[in-house]
Protein chains: 2
Amino acid sequence: MSRVRSAVQEEIRQSRPFSSPSEEGVVALVRTADLLRRALTGVVEPHGITLQQYNVLRILRGAGPEGLPTLEIAGRMIEHAPGVTRLVDRLQAKGLVRRQRSTEDRREIRCRIAAEGLDLLARLDGLMQDAAREFMSPLDAEALDRFIRDLDALRAAIT
Amino acid sequence: MSRVRSAVQEEIRQSRPFSSPSEEGVVALVRTADLLRRALTGVVEPHGITLQQYNVLRILRGAGPEGLPTLEIAGRMIEHAPGVTRLVDRLQAKGLVRRQRSTEDRREIRCRIAAEGLDLLARLDGLMQDAAREFMSPLDAEALDRFIRDLDALRAAIT
DNA sequence: CCAATTTACTTGACGCGTCATGTATTGTCG
DNA sequence: CGACAATACATGACGCGTCAAGTAAATTGG
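Residues numbered from 1 in each chain as written. Chains lettered and ligands numbered in written order. Predicted model: local features only at pLDDT ≥ 70, side-chain atom pairs only at ≥ 80, totals over all residues.

Now for the interface of chain A and chain B. Chain A puts 51 residues into the contact, and the matching count from chain B is 51 residues. Elements represented by at least two residues in the side of chain A that touches chain B include exactly helix 1 (7–12), helix 2 (21–44), helix 6 (115–136) and helix 7 (141–156) of chain A. At 16 residues, the largest contribution of residues to the side of chain A that touches chain B is made by helix 2 of chain A. The residue inventory of the side of chain A that touches chain B, partitioned by class, reads 28 nonpolar, 10 polar and 13 charged. (Contact = placed C-beta atoms within 7 Å. Helix = DSSP H or I, 4+ residues; strand = E, 2+ residues; numbered from the N terminus. Nonpolar A, V, L, I, M, F, W, Y, C, P; charged D, E, K, R; others polar.)

Okay, structure coming up:
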């Protein structure tokens, strides 16, 4: 049952092993996601946007020319509204996004991706694909599929 | 090969499926880690510290009474020094950590966990264990072990 | 039909992560 | 030995995430 010192244990250089496999999993998950985030940030930042800004642009591209109200963007990222407001502020300042108060419901603000935003995404699509493939390359197709299912199961269990 | 719409696809509500399993894996990984981080934050914050502050305290407890220099803490988290300096600033302000310039090498600052910090950790140990177990509960022992190995493999591949 | 509630945001404050830059101390090598 | 590089940090600036509180518009209930 007890395995050789895992990679996480080596990294943390703690003599004491994890007190449980669950804890080891939790730490491994957070650390791996951190490294991934950094790798993806490295792809996107040279093009003048952050990873979160990239995510918003992708969501808006997916939404089409109708655009989306702010809260809807927040919902699709798992994020809270205040962060999104400011995120879109910066995207607008860069001319990648346009905002316009909705006419039917004047509380809503519809955010649309601008042509410049689409251009930027077009340039980033391939690079992000490559980065994702590269990062996941240690897992073969079968392992990757199982891995994704496991992650799905973990998220699904959150009450 | 193509599966039914996965959980991530549902969550993002994007009609277009992921352009590749790698991309799906990347998104699933980041989103899952985000939710985990939030869950753990929920455990720790009622006790007056943040998740990162908790991590530092754990590292310092693991280091024993000798303490650690700032950069060594940064190394054990995967983080850069500037963040750690301020992190420890706040822990010190709360009286959970003490700092003292080293005498052998006067550039170094040794950080030690204070008795109050140890007390706090003692109160949190069980709660964090429970949270980890709870979060990982969808995976049985075998799946969890495989899951951890997969994560280890992903991190190990980073150049 | 209007007061109370709800919804969709926005703003302020604070902790965190990151880069660039600055400072003190130590190591090095010519 | 002394200039110069390297090391260990600290600080400033900026983007992000989160909570609490505020504003404006729509909805609802009496």
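Glancing now at the protein's contact with DNA strand C. Surrounding DNA strand C, one finds 23 residues, the nearest of these being Pro69(A), Thr70(A), Pro82(A), Thr85(A) and Gly83(B). For the surface near DNA strand C, the secondary structure elements donating two or more residues are helix 4 (70–76) and helix 5 (81–93) of chain A together with helix 3 (51–63) and helix 5 (81–93) of chain B. The element best represented in the surface near DNA strand C is helix 5 of chain B, accounting for 5 residues. Of the residues belonging to the surface near DNA strand C, the class tally is 7 nonpolar, 7 polar and 9 charged. (Near = placed C-beta within 6 Å.)

Right, let's talk about the protein's contact with DNA strand D for a bit. The immediate surroundings of DNA strand D are formed by 23 residues, with Gly83(A), Pro69(B), Leu71(B), Pro82(B) and Thr85(B) found nearest. If you list the elements that add at least two residues to the surface near DNA strand D, you get helix 3 (51–63) and helix 5 of chain A together with helix 4 (70–76) and helix 5 of chain B. Here the surface near DNA strand D takes 5 residues from helix 5 of chain A, the largest share from any one element. Class assignment of the residues belonging to the surface near DNA strand D gives a composition of 7 nonpolar, 7 polar and 9 charged.

What follows deals with the relation of the copies chain A and chain B. Once chain A has been moved 0.0 Å along the axis and rotated by 180 degrees, it coincides with chain B to within an RMSD of 0.0 Å. Here the copies are linked by what is in effect a two-fold axis. A symmetric contact is evident, with 100% of the interface residues of chain A recurring at the interface of chain B. (Least-squares fit on C-alpha atoms with pLDDT ≥ 70 in both.)

For the rest of this paragraph, the subject is the sheet that holds strand 3 (residues 109–113) of chain A. Residue and element names in this part refer to chain A. The strand order across the open sheet formed by 3 strands is 1-3-2, and the pairing between neighbours is antiparallel. Across the chains shown, the open sheet's two edge strands, defined by having one partner strand only, are strand 1 (68–69) and strand 2 (97–101). Pairing analysis gives 2 bridges linking strand 1 to strand 3, with the strands arranged antiparallel. When the sheet's bridge partners are listed, Leu 68 is paired in strand 3 with Cys 111. (Pairing = 2+ DSSP bridges.)

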